[in-house]
Amino acid sequence: MGVDCGDYDNDGFLDFYVTSYQGQLATLYRNLSDRMFEDVTLMTGAGMGTLAQVTWGNGFVDFNNDGFRDIFIACGHLQDNVEQFDDTTTYAEQNILLMNRADGKFVDVSERSGDGMKVRLSSRGAGFDDLDNDGDIDVVILNSRREPTILRNDSPSKGHWLGVRLRGVKANRDGIGAQVKVVAGDLTLIDEVHSGRGYQSHYGTRLHFGLGSREKADRIEVRWIGGPIEVLKNIAVDRVLTITEGTGPE
């Protein structure tokens, strides 16, 4: 249905989260390196709340800037009359928010994450970006036959953050395919610039890194596709940093 990749356990490898149809859990695949993946859905709790739902757009997003990526899942049945022959599900459904506990497991916090998470529609695509430039990531949800839902993130922040925007010169203009590593003290984060994410969605090329209590980024590495690795050191945080290939930060 939908797929996103992100390093949920901060081990330096991108993992996959795949949504699915009713009766099947959305699935988290942990990257074991060397092109090997392990289904860790049950042991991590990453499938909570998804079995009775049809799940679509999803994203690995650090909503509280603690340095660990949470999971957001858009839900909504495909059949608008499903209640007439199946009493285990509904056409309009609540979306799901799974909080990363920073110990390799997730907990479902949908019911205690504000009124926006209690909206019941038949959702499809989901996009994630800092719409109001206040340093945390908001959500835009595309709903079937209805207006979109916009969720402003008012979570109590647990830390600092850094946004990274790439501008390619020899590589493509938007840095598609480039990988960015941010090292801040004992925390190492990676992400990649993609040309599309989730279910039939694309929400820009700006990357967002939650840093927790770290007050600076000691090192940023950019692996440009088909090009060299650029390294920046001692970067101030709580801002969006634009890095142009071959010239450094702006």
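Whatever comes next refers back to the structure up there.
About the criteria used
Residues numbered from 1 in each chain as written. Predicted model: local features only at pLDDT ≥ 70, side-chain atom pairs only at ≥ 80, totals over all residues. Heavy atoms only, no water. Helix = DSSP H or I, 4+ residues; strand = E, 2+ residues; numbered from the N terminus. Rg over C-alpha atoms; globule rule 2.2 N^0.38 Å. Buried < 20%, exposed > 50% of the residue type's maximum accessible area, 1.4 Å probe, protein only. Contact = heavy atoms within 4.5 Å. Areas by Shrake-Rupley, 256 points an atom, 1.4 Å probe, with all protein chains shown as cover. Lys, Arg positive; Asp, Glu negative; His and termini not counted. Charge placed at Lys NZ, Arg CZ, Asp CG, Glu CD. Pairing = 2+ DSSP bridges. Axes fitted to C-alpha atoms, helices over the stretch in contact; angles between N-to-C directions. Polar contact = N/O pair within 3.5 Å; in protein donor to acceptor, adjacent residues only side chain to side chain. Phe/Tyr/Trp six-rings, centres within 6.5 Å; stacked < 30°, edge-to-face > 60°. Salt bridge = Lys/Arg side-chain N within 4 Å of Asp/Glu carboxyl O. Core = buried A, V, L, I, M, F, W, Y, C linked by side-chain atoms within 4.5 Å.

Looking only at helices and strands, the protein chain has one helix and 21 strands in total. For 250 residues, the compact-globule estimate of 2.2 N^0.38 gives 18 Å, and the protein chain sits close to it at 18 Å. Oriented by its inertia axes, the alpha-carbon framework of the protein chain measures out at about 60 × 40 × 35 Å. The 250 residues of the protein chain split such that 53% are buried. Sequence-distant contacts in the protein chain: of pairs separated by 6 or more residues, those separated by 24 or more amount to 53%. In the structure as shown, the protein chain presents an accessible area of about 11700 Å², 50% of it carried by carbon and sulfur atoms. Averaging the positions of the 26 positive and the 39 negative side-chain charges in the protein chain gives two centres separated by 4 Å.

One key point about sheets: their strands pair by backbone hydrogen bonds, in either a parallel or an antiparallel sense. The strand order 16-15-18-19 describes an open sheet built from four strands, whose pairing is antiparallel. One side of each edge strand has no neighbouring strand; the edge strands of this open sheet are strand 16 (187–192) and strand 19 (229–236). Adjacent strand axes in the sheet meet at a mean angle of 15° when their direction is disregarded.

Looking now at the environment of Asn172. Among the structural elements, Asn172 can be located in the loop between strand 14 (160–167) and strand 15 (179–184). The exposure class of Asn172 is partly exposed, given its relative accessible area of 31%. Spatially, the C-alpha atom of Asn172 lies 31 Å from that of Pro148, the residues being 24 residues apart in sequence. At 2.9 Å, the side chain of Asn172 and the backbone nitrogen of Gly175 are in polar contact. A polar side-chain atom of Asn172 sits 2.6 Å from the main-chain amide nitrogen of Ile176.

Here we take up the packing of aromatic side chains. For the coordinates displayed, the defined rule picks out eight aromatic pairs. Among the aromatic residues, ring-to-ring pairing joins Phe63, Phe72, Phe128 and Tyr203 into one connected group.

So, about the side chain of Arg124. In this structure, Arg124 sits in strand 11 (residues 123–129). It is Glu93 that comes nearest to the buried, bridge-free Arg124 among opposite-charge side chains, at 7.3 Å. A polar side-chain atom of Arg124 sits 3.3 Å from the main-chain carbonyl oxygen of Gly76. When residues no more than four places from it in sequence are discounted, the contact partners of Arg124 are Trp56, Gly57, Ala74, Gly76, His77, Leu78, Tyr91, Leu142, Ser144 and Tyr199.

Take the pairing of strand 17 (residues 207–212) next. When you tally the buried positions in strand 17, you get six out of six residues, the bulk of the element. Taking every second residue as pointing to the same face, both faces of strand 17 are buried, with Leu207, Phe209 and Leu211 on one and His208, Gly210 and Gly212 on the other. Here strand 14 pairs with strand 17 via five bridges, running antiparallel. Bridging across to strand 17, Leu162 finds its partner in Phe209.

If you look at the biggest cluster of nonpolar residues, it comprises 23 residues, and the most contacted ones within it are Leu166, Val180, Phe209, Leu211, Ile220 and Ile243. If you list the elements that add at least two residues to this core, you get strand 14, strand 15, strand 16, strand 17, strand 18 (216–223), strand 19 and strand 20 (239–244). Apart from residues no more than four positions distant in its own chain, Val180 is found in contact with Val164, Leu166, Leu189, Ile190, Asp191, Leu207, Phe209, Ile220, Glu221 and Val222. Counting 14 residues, the second-largest nonpolar core is a separate cluster that includes Val109, Met117, Ile137 and Val139.

With five of six residues buried, strand 15 lies mostly within the body of the structure. As judged from the six bridges shared by strand 15 and strand 16, these two strands associate in the antiparallel manner. Looking at strand 16, one finds that Ala184 is bridged to Leu187. Alignment of strand 15 against strand 18, held across five bridges, turns out to be antiparallel. By the bridge assignment for strand 18, Lys181 is matched with Glu221.

Here the focus is the environment of Phe63. With respect to the helices and strands, Phe63 occurs in the loop between strand 5 (55–61) and strand 6 (70–75). Classification of Phe63 by relative accessible area gives buried; the value is 8%. In this structure, the C-alpha to C-alpha distance between Phe63 and His208, residues 145 residues apart in sequence, is 9.9 Å. When sequence neighbours within four positions are dropped, the list of residues in contact with Phe63 reads Asp70, Phe72, Leu97, Phe128, Asp136, Ile137, Val139, Asn153 and Ser155.

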